[in-house]
Amino acid sequence: MNILIINGSPRKKGLIAQMLGIMREEAEKYGDKVETVYTNDLSVKPCTGCMACRTRVRCVLAEDDSQRVLGMMQDADAIIMGAPCYWGNIPGQMKLMFDRQVYGMMRDTPRFPEPLMKGKRCILVSTCTTPWPFNIWMNQSRGAIRAMKEIGRYAGFKIVKTIERGGTVMHPTLTDKDKKKCRKAIQKLY
């Protein structure tokens, strides 16, 4: 299986990176081919909202890393997305990438959008500083998960697992329970 990991965190050694790293190791144990993309390393121009990509089936802006990652997503059997919570949402660089990929993830039709990534399984991971259960109640990590679910839903991904980890300031390291959740999540892709 080809798995694409999209790391939306600017911290390459932070909790999101650690959790995604555990998932990568676990998937590689199964013999899967795994690639990781760090959204903060990408060069992506902002979407202008012209909507021309919806009819042209390509972006009118000059090609950049958003198209390269879109191609990787199209080639993948499964996607794992991880992002810390920024104001109840995903970080801007990650959203910027997805904004530029809309034409390759869904097609406008007269009635409802048609998902173009249908059948791909997806795992979503988020962390935030707000302690549990307030990270859920106050839509912090839940807000980041909601944003990634919305992208996944329109694209046609089957979300097989979500992991939310709150309280990162008071508990800045992963527990054995956190690590176990990450390893176990990979089994949901099969």
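Details of the structure are given in the entry above.
Residues numbered from 1 in each chain as written. Predicted model: local features only at pLDDT ≥ 70, side-chain atom pairs only at ≥ 80, totals over all residues. Heavy atoms only, no water.

Peer 1: For this particular structure, what's the right way to read the side chain of Ser 126?
Peer 2: Assignment of secondary structure puts Ser 126 in strand S6 (residues 121-127). Of note is the side chain of Ser 126, whose polar atom sits 2.9 Å from the backbone oxygen of Ala 83. Here Ser 126 is in contact with Ile 16, Ala 83, Pro 84, Cys 85, Ser 141, Ala 144, Ile 145, Met 148, Ile 163, Glu 164 and Arg 165, once residues within four sequence places are set aside. (Helix = DSSP H or I, 4+ residues; strand = E, 2+ residues; numbered from the N terminus. Polar contact = N/O pair within 3.5 Å; in protein donor to acceptor, adjacent residues only side chain to side chain. Contact = heavy atoms within 4.5 Å.)

Peer 1: Teacher, can you tell me more about the sheet that holds S6 here?
Peer 2: Paired through their backbone hydrogen bonds, the strands of a sheet run either parallel or antiparallel. Taken in spatial order, the five strands line up as S2-S1-S3-S6-S7 in an open sheet, and their pairing is parallel. For this open sheet the edge positions go to strand S2 (33-38) and strand S7 (158-165), each flanked by a neighbour on one side alone. In this sheet, adjacent strand axes meet at a mean angle of 15 degrees when their direction is disregarded. Note that S6 and S7 share seven bridges and pair parallel. Along S7, the bridge assignment pairs Val 125 with Ile 163. Taken strand by strand, helix H3 (residues 65-75) contacts strand S1 (2-7), S2 and strand S3 (78-84), and its axis lies near 140 degrees from that of S1. Most of the contacts of helix H7 (residues 176-187) go to S7, to which it runs at about 175 degrees, and overall it touches S3, S6 and S7. (Pairing = 2+ DSSP bridges. Axes fitted to C-alpha atoms, helices over the stretch in contact; angles between N-to-C directions.)

Peer 1: Any chance you could explain unusual backbone geometry here in plain terms?
Peer 2: Residues other than glycine predominantly adopt negative phi, and peptide bonds predominantly adopt the trans conformation. With an omega of 0 degrees, the peptide bond running from Trp 132 to Pro 133 counts as cis. Among the structural elements, Pro 133 can be located in the loop between S6 and helix H5 (134-137).

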